[in-house]
Amino acid sequence: MTTAVESGRTADVIVIGAGAVGAATAYFAARAGLRVTVLDSGPLAGGTSSACEGNILVSDKEAGPELDLSLYSQKIWREDLAEFADLFEFESKGGLVVAASERSAQSLHDLTERQRASGIQVTNVPANSLTDYEPHISKKLTAGAFYPEDAQVQPMLVVAHLLRLARELGAFVHTRTPVTGFIRKGAAAIGVQTPQGDFHAPSIVNAAGTWAGNIADLAGIHVPVLPRRGFVLVTEPLPVTIHHKVYAAEYVDNVLSSDAGLQTSPVVEGTDSGTVLIGSSRERVGFDRTVSLPVLAALAAKAIDLFPVLEDIKAIRHYHGFRPYCPDHLPVIGPDPRVPGLWHAAGHEGAGIGLSAGTGKLIAQSIIGISTDLPLGSFAPERFEQVLT
Amino acid sequence: MTDRVFDIGVIGAGPAGLAAATAAASVGLSVVLIDAGSQPGGQYWRHPDEQQVGETDHAGHHDWTTFTTMRSALHTAMEAGHITYLPDTQLWLIDPVKEATARRTLRLTNSYTAGPEQHIARRPTEVTVDQLILCPGGYDRQLPVPGWDLPGVMAAGGVQALLKGSRTVAGRRAIIAGTGPFLLPVAVGLAEAGAEVVSICEAGAIRNWLPHVAAAAQVPSKGLEGAQYAALMAKHRIPYRSRTIIRAIHGETSVEAVTTCKVDSSGTPIAGTERRYEVDVVGLGWGFTPSLELPVMVGAQTRRDVDGSLVAVVDDQQRSGIPGVYIAGEATGVGGASMAVAEGKLAALTAAADSGRPISPRDVSRLQHKIKRFRGFAVAMHTAHPVPEAWTGWLEPETVVCRCEEVNYGDLCTAHEELQADDARTLKLVARPGMGWCQGRVCGYAIAGIAASLCGREPSEEDLRSQGKRTLASPVALSDLAALNNEIHL
Ligand SMILES: Cc1cc2nc3c(=O)[nH]c(=O)nc-3n(C[C@H](O)[C@H](O)[C@H](O)COP(=O)(O)OP(=O)(O)OC[C@H]3O[C@@H](n4cnc5c(N)ncnc54)[C@H](O)[C@@H]3O)c2cc1C
Ligand SMILES: Cc1cc2nc3c(=O)[nH]c(=O)nc-3n(C[C@H](O)[C@H](O)[C@H](O)COP(=O)(O)OP(=O)(O)OC[C@H]3O[C@@H](n4cnc5c(N)ncnc54)[C@H](O)[C@@H]3O)c2cc1C
């Protein structure tokens, strides 16, 4: 007979969601000595964390709370998680941002100035030196900037290994166990309901990614996390052709944009397995899963503009995911004062893999009640409430 | 030509597709028939390129007159302008249905058969259709076994395709193993072409047939085939061993020998029954599995069939449940060429009726009756020749399972034990089987079986579907994709 504690029915922390953010949260909480139970409605990494690209970027950020979190996360990946780097194919390959016109060369230049001032490492690359970085890159570009800190991981392996490490520290991971409601004691949340029975813990973390808003609804509160669709094209495996993550300067504008319409900007990178991933598109179409040929066509065209050698290369498949975003493009991270016992760790939009490590560690600190390495004020879950009143 | 609209698009010119296209044309519908092959006939009526060898004898082909009759009907309909036939053409994407017109646009490119001289200008890159009949057929179902990645090991269907398509014998001393009646024509075909066939190894027990004789008897031509093969096997002295499998394939750079052994009814090897044969060709035949990327792409429902493969769900008139989409042939369940022909015809009649054409209800019920009989035979055959339930026990940790990505069985066990991968999709995500060039066409069925056996359960529809989903029906050049950028509007 297993007791409630042995199967994780009673824990110190329940993490809802086995994506990158949930996995990192579970790992850091377990490492801090807490008894952790992870619940996911699907298999592990069944959400957006298996429908993305796995870049850990600083190059697309500007001064502000997200950059602070990015730089902090960089540190966690490179220090706290350094010993596991090979397990999830962490590679500090560097990012190359390129401009295609004089005008965008100028704005890239200005961007790098500001980023340097905020602590990002960046080297400006004149047009005629771009081939030193990428031998096959288009000859028509006007300027570039190289970001040595940009890195890459295999996100599914991040999730699988962080959860394994958490389990080795005593955590339980229950897949195919959807959370359907909260167990309350007054205002506080003290457990969750699932079709597989109840789970109890004084601290519950909502790490349900794009579906975090639904979990908030179950707790009777409002946390606006919405889907922003993105497509990725995958090529046949190639000998190493593309060495860094390479993208056009316009990508940064798209990342920061609030426009609901379709935006595509080329983001091209090789992977360990030889395939080249071609992103990226952003559009707000709810959870529409139908293929969009205009998006695929634009991605292919723009990738060929950057790397003419890709012209005859074949795409073997495409996939899409739904980035979890909040209206102000900042994640929600921290305790929810409206429901004592409930934390949120969601809404990382197009950066949730990179930001997962830092987020997980901060949430663990917050739960055990020590002061967090970064202030969480800008990420406060109740901030949207205040906007309304 | 790019904006031609057809009443019906038929995908695949095998038995099902040829029947569907010609039947649809005969009731007055305009048809575009798209096929990746160079000549009509599909897998079953695969034959040497007639432009090169001229009309030849058709040894090894059954129902050849069924084929030539349909081929004449195809040519007549083409001349009359009722069928536009596009060989050497691969359909790589079906657009989502257009709301305003309820039509679908099909995206086309050169298939692997198209030579360099067949430049894209000769063929449209897209056609638009009101209704769609999917007849994509199937391919060999493969199970890994130690050494199966050596040159000289082929799927039984591949051996047959070489024989039928180019009259080539793959080697001099062959062994054929797997399960099902299909092993017989392959072995006999090799022997007739001059190879020595040292044995046929059938994993099942022949007496499994007895309970199903009744079902088989309803399709007389099938019984006849069996008798013919028995005579030919006797003539070529091909030993037939039941409850026998190939346990391992040996060789340095190509096949040199195999070890066979006896198995019990679950497929578990019986110690001490090993035998070694020196051979240079191995044909492994575990039946066929349907190509489901097109049905899945349009959103059709799927299920796990009696033979364990993923198949598309259709009603008793070949409707897929998705308005305007019909499915016929192997994709609805592996059942042989005659059933595929009947289903193709029925799909065309149903599509015609659904678009307001008068059709004969008697034809419909006659076809339904035929299909029912064939299906009975197919179910009996699948039941008598299951993939042995214990087959994953034949694998060694170092046995390659996914050849594209070089993933071995041990990698999958680790992914399950350490990383909690408890379904086929998660195995694929963390260990990469099925992620390479063939996108799981070769290993998908095996991965689903391995995932299930690691978890101690039956493979589920979900396991299979995660391997059968392909967001592009075939690889497509980035330049082809990019070219659409100028043509389409948001
Ligand atoms: C095309 C694309 C490219 C991207 N590229 C990058 C990139 O390069 N770098 C980067 O950092 N980020 C990238 N992202 C963003 C990144 O993928 C996400 O930010 C990140 O995966 C979010 O992780 P998560 O753990 O919050 O959510 P998810 O991975 O979605 O996990 C949430 C989990 O919650 C579960 N869940 C939902 N409801 C319930 C319930 N009721 N009960 C239990 N469980 C539930 C889900 O099943 C899911 O497994 C990309 C996204 C897209 C779409
Ligand atoms: C190698 C092999 C040998 C066989 N030998 C025998 C035998 O001896 N006896 C027997 O009874 N049965 C045999 N079978 C089974 C028999 O061939 C099938 O029952 C029959 O061919 C099914 O007809 P079909 O029309 O459904 O499919 P198929 O004959 O497979 O035809 C499907 C056609 O669709 C085309 N196609 C698929 N997808 C696309 C796409 N996206 N774009 C363009 N074209 C596409 C394919 O190229 C193919 O030409 C064999 C099967 C195989 C695979």
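All of these numbers come straight from a predicted model, not from anything done at the bench.

J.: Would you mind going over the site of ligand 1 in detail, with residue names and values included?
T.: Residue and element names in this part refer to chain A. In the neighbourhood of ligand 1, 35 residues make up the surrounding shell, with Asp 40, Ser 49, Asn 55, Glu 349 and Gly 354 lying closest. Within the backbone of Thr 48, one N or O atom sits 2.8 Å away from an oxygen atom of ligand 1. Measuring from a nitrogen atom of ligand 1, one finds a backbone N or O atom of Gly 350 at 3.0 Å. In isolation ligand 1 exposes 1,000 Å². Once the protein is present, 94% of that is buried. Contributing elements (two or more residues each) for the shell around ligand 1: α1 (20-31), β13 (226-235), β17 (314-325) and α9 (352-368). Sorting elements by how many residues they give to the shell around ligand 1 places β17 first, with four residues.

J.: Provide a residue-level description of the domain arrangement of chain B, including the pertinent values.
T.: All names here are of chain B. Under the domain assignment, chain B is made up of domain 1 (2-139 + 289-359), domain 2 (142-286) and domain 3 (395-468). Computed over C-alpha atoms, the centres of domain 1 and domain 3 are 31 Å apart. Tallying the contact residues gives 13 residues for domain 1 and nine residues for domain 3. Here domain 1 packs against domain 3, burying approximately 950 Å² in sum over the two surfaces, 49% of which is carbon and sulfur. Its largest share of buried area at the contact with domain 3, domain 1 owes to Tyr 139, Arg 304 and Leu 310, together 48% of the area lost on that side. Counting the contacts that link domain 1 with domain 3 gives two salt bridges.

J.: Give a description of the packing of aromatic side chains that names residues and reports values.
T.: All names here are of chain A. Applying the stated rule across the entire model yields ten aromatic pairs over all chains. With 4.7 Å between their ring centres and 40° between their planes, Tyr 133 and Phe 146 make a pair best called tilted. With Tyr 133 in helix α4 (residues 130-133) and Phe 146 in strand β6 (residues 143-147), the pair connects residues that are 13 residues apart, well separated along the chain. You can call Phe 146 buried: its relative accessible area is 12%.

J.: For the packing of helix α2 (residues 65-78) of chain A against α9(A), give the residues involved together with the corresponding values.
T.: Residue and element names in this part refer to chain A. It is at 8 Å that the axes of α2 and α9 come closest, and there the two elements cross at 90°. Viewed along their axes, α2 and α9 adopt a mutual orientation that is roughly perpendicular. Here α2 contributes Glu 66, Leu 69, Ser 70, Tyr 72, Ser 73, Ile 76 and Trp 77 to the contact with α9, which in turn contributes Ile 353, Gly 354, Leu 355, Ser 356, Ala 357, Gly 358, Thr 359, Lys 361, Leu 362 and Gln 365. Looking at the contact of α2 with α9, its residues break down into eight nonpolar, seven polar and two charged.

J.: Lay out the sheet that holds strand β11 (residues 197-200) of chain A in plain terms, naming residues and giving numbers.
T.: All names here are of chain A. The three strands lie next to each other as β9-β10-β11, forming an open sheet whose pairing is antiparallel. Each edge of the open sheet is held by one strand with a lone partner, namely β9 (181-185) and β11. Neighbour-to-neighbour, the strand axes of this sheet turn through a mean angle of 30°, independent of strand direction. As judged from the four bridges shared by strand β10 (residues 188-194) and β11, these two strands associate in the antiparallel manner. Bridge pairing in β11 places Val 192 opposite Phe 199.

Criteria and thresholds
Residues numbered from 1 in each chain as written. Chains lettered and ligands numbered in written order. Predicted model: local features only at pLDDT ≥ 70, side-chain atom pairs only at ≥ 80, totals over all residues. Heavy atoms only, no water. Near = heavy atom within 4 Å. Polar contact = N/O pair within 3.5 Å; in protein donor to acceptor, adjacent residues only side chain to side chain. Areas by Shrake-Rupley, 256 points an atom, 1.4 Å probe, with all protein chains shown as cover. Helix = DSSP H or I, 4+ residues; strand = E, 2+ residues; numbered from the N terminus. Domains from an automatic or database assignment. Contact = heavy atoms within 4.5 Å. Buried area = accessible area lost by both parts, 1.4 Å probe. Salt bridge = Lys/Arg side-chain N within 4 Å of Asp/Glu carboxyl O. Phe/Tyr/Trp six-rings, centres within 6.5 Å; stacked < 30°, edge-to-face > 60°. Buried < 20%, exposed > 50% of the residue type's maximum accessible area, 1.4 Å probe, protein only. Axes fitted to C-alpha atoms, helices over the stretch in contact; angles between N-to-C directions. Parallel < 35°, antiparallel > 145°, perpendicular 65-115°, else oblique. Nonpolar A, V, L, I, M, F, W, Y, C, P; charged D, E, K, R; others polar. Pairing = 2+ DSSP bridges.

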